[in-house]
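Each chain is listed here by its residues.
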Amino acid sequence: MLNNVLQRRRRSLDGPWHVIVDPYEMGYIGILGDRNDRGFFRDHKPRHSADRVEYDFDLSPTLVVPGDWNTQNERLMYYEGTVWYRRRIMVAADEWRGDRQFLHIGAANHTSRVFVDGDELATHSGGFGPYAVELTGRLDPGEHSIVIQVDNRRELDRIPALRSDWWNFGGLTRSVDIVDVPETFLRDAWLTMDPSGRVIGGTTVDGDTGESVRLELPGLGVSTVVNGQFELDIDPGRWHPGTPVLHDVVWKVGNDEVTDSVGFRTVEVDGTDIVVNGEQTFLRGISIHAEAPSGGRRAHGPEDAETLLGWAVDLGANFVRLAHYQHDEHMVRACDRLGLLAWAELPVYWGIAFEQPEVLAQARQQLDELVVRDRSRASVIFWSVANETLPSPERTAFLTDLVDHARALDPTRLVSAALLTFPTGSNEHIIDDPLGAAVDVVSINQYLGWYYGDRETIADNTWRSVFGKPIVFTEMGGGAKAGHHGDVDEIWTEEFQADLYRRHIEMIRAGRSGNGGEIAGMSPWILKDFRAPVRVLPGIQDGYNRKGLVSEEGERKLAFEVLQSYYDEFSD
Ligand code: GCB
């Protein structure tokens, strides 16, 4: 674990890497089982005319990092397996200012192994979490080989598992850097506000743990020594959705210094209300996948984040659901700047092997990485541990464990999971999924008028839970192909989708918390059309889930305006 990486001195390894596609994984075991000679991670190449080396990174094609491999090479669009990435770096005599270096990988989907100069150093599971590998002592002046094996196979015991309604983009999908730090440095340093308005924080020092940590918030006149978990006696102005206030923060230990920009707000639940900074706040949201504003590739970096979230701001949203996995750190940092509340989620999605303890360990590890990376972000108000999981004793025990784990890591935020709902044959819906007892907010995905139920009578539906907690519709909606116009009854037209939104909004208006109901927010499905191999209808879907309010190239559909005019009714 190494957080605040974007604020640190680092050498970027972004750009082209040579790659070898290896569906049979021979590069790991060696063609004769002689991995130490012939494994690709050795980064050899034929050096003379009789040399028996059967691979050569230098002559192999390149892929750009960060980026998925699927959209960079047509032949890899559907590829699921191993790709070997190789980058050679020249280290100058005066390259490093610090004593220690770490290779930091923003995300590698799904399982990856790191090799430096032929030595295997680390394995990491989980396609959306960051990790760091210490390279201290390995990067002396001269040339070095960095090889990363990335494998995106879908497996029953992975998270996510075998099926999902999004593209299984493989590769080094986020930035790769070498982070340069002093002998003693801050692995982790965070600040946040708890529901009672206390500013709390924590630090983890690596190196000389006897060194004291200084925390400065110059704008608030704070300069103090802190250690481990602490509380600050200050009353900062509040970060609020729509009016975000961020404070400069400086952390120092020994020769290490790292900066941050942090906002403070409270979030809690009061009966069926969600309360932010003491104000009942209806979540006017939209769900977002990590797919770029254009080109149908995996999103990464600050520009993609600004564009996607800019659309959410135009929509009048105060909330975004970052579905269905951990998004890029740039997304939550942009939410902080733009004043958007955010829901952060783990890819515990359809068909997880809940009975396997190793799978639970993997989920906990992904949760650790997410919380450690993002717990200073005022925008993030939810940790979501799952999406659409079929109730069973094993599933509820597994997810309750994760809920408890999230609270133990961070007691200041709300914990939830997007629950499945089923057609009931009636307009009255009572949510009694046992997981509702464990979470703070009962979040549900429902597709009235799309997968089931009568479109004309959507507005007559009522929603309650047996838990007396806020209900948030984490999904609702339906598909339309941008530019496809027709009658409201004609499926896939923009008119049909817009009508669906109008009717859902009518239902939500009547069922809102504070208005006789329990609905405290919504994040319809979804901002933008996104790639999904299960969406095969020719001429309409062509490999895209069409429930976006904008097309895969950003053209707005009619439903965008429908939702926008509802969100415009809110005065804040
Ligand atoms: C869902 C899933 C989401 C799908 C969506 C759909 O319930 O949570 O991942 O993409 O429905 O379009 O069916």
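In this text the structure is predicted, and so the values were computed from the model without any measurement.

Caption draft 1: View of the site of the ligand. Within the structure, the ligand sits among 14 residues, and Asp165, His324, Glu388, Tyr451 and Lys547 are positioned closest to it. Take histidine 324: an N or O atom from its side chain is 2.6 Å from an oxygen atom of the ligand. A distance of 3.0 Å separates an oxygen atom of the ligand from a polar atom in the side chain of tryptophan 525. Computed on the free molecule, the ligand has an accessible area of 320 Å², of which 97% lies beneath the protein chains in the complex. At a threshold of 2 Å from the grid points, most atoms of the ligand map onto the second largest pocket. Here the residues of the shell around the ligand are counted per class, giving 5 nonpolar, 4 polar and 5 charged.

Caption draft 2: Layout of the side chain of serine 164. Looking at the element boundaries, serine 164 is found in the loop between β10 (142-151) and β11 (171-172). For serine 164, a relative accessible area of 14% puts it in the buried group. Not counting the four nearest positions on each side in its chain, serine 164 is found in contact with Tyr349 and Trp350.

Caption draft 3: Broad picture of the nonpolar core. Counting residues in hydrophobic clusters, the biggest one holds 91 residues, and the most contacted among them are Val320, Val348, Phe398 and Leu402. Here the element with the most residues in this core is helix α7 (residues 494-511); it accounts for 7 residues. Apart from residues lying up to four places away in sequence, phenylalanine 398 is in contact with Val348, Ile352, Phe354, Val359, Leu360 and Ala363. Formed by 29 residues, the second largest nonpolar core is a distinct cluster that contains Val91, Ala108, Val133 and Ile178.

Caption draft 4: A look at the sheet that holds strand β19 (residues 256-262). Spatially, the 4 strands line up as an open sheet ordered β16-β15-β18-β19, and their pairing is antiparallel. Taken across any chain shown, the strands that pair with only one partner, and hence form the sheet edges, are β16 (222-226) and β19. Between one strand axis and the next, the sheet turns through 20 degrees on average, direction left out of account. The sheet contact formed by strand β18 (residues 247-253) and β19 spans 7 bridges and is antiparallel. Bridge pairing links valine 250 to threonine 259 in β19.

Procedures and definitions
- Residues numbered from 1 in each chain as written.
- Predicted model: local features only at pLDDT ≥ 70, side-chain atom pairs only at ≥ 80, totals over all residues.
- Heavy atoms only, no water.
- Near = heavy atom within 4 Å.
- Polar contact = N/O pair within 3.5 Å; in protein donor to acceptor, adjacent residues only side chain to side chain.
- Areas by Shrake-Rupley, 256 points an atom, 1.4 Å probe, with all protein chains shown as cover.
- 1 Å grid on protein atoms, 1.4 Å probe; cavity = no way out; pocket = protein on both sides within 12 Å on 5 of 7 lines; lining within 4 Å.
- Sits in = over half its atoms within 2 Å of the grid points.
- Nonpolar A, V, L, I, M, F, W, Y, C, P; charged D, E, K, R; others polar.
- Helix = DSSP H or I, 4+ residues; strand = E, 2+ residues; numbered from the N terminus.
- Buried < 20%, exposed > 50% of the residue type's maximum accessible area, 1.4 Å probe, protein only.
- Contact = heavy atoms within 4.5 Å.
- Core = buried A, V, L, I, M, F, W, Y, C linked by side-chain atoms within 4.5 Å.
- Pairing = 2+ DSSP bridges.
- Axes fitted to C-alpha atoms, helices over the stretch in contact; angles between N-to-C directions.

Interpretation note: all reported values are geometric properties and have no functional meaning in isolation.
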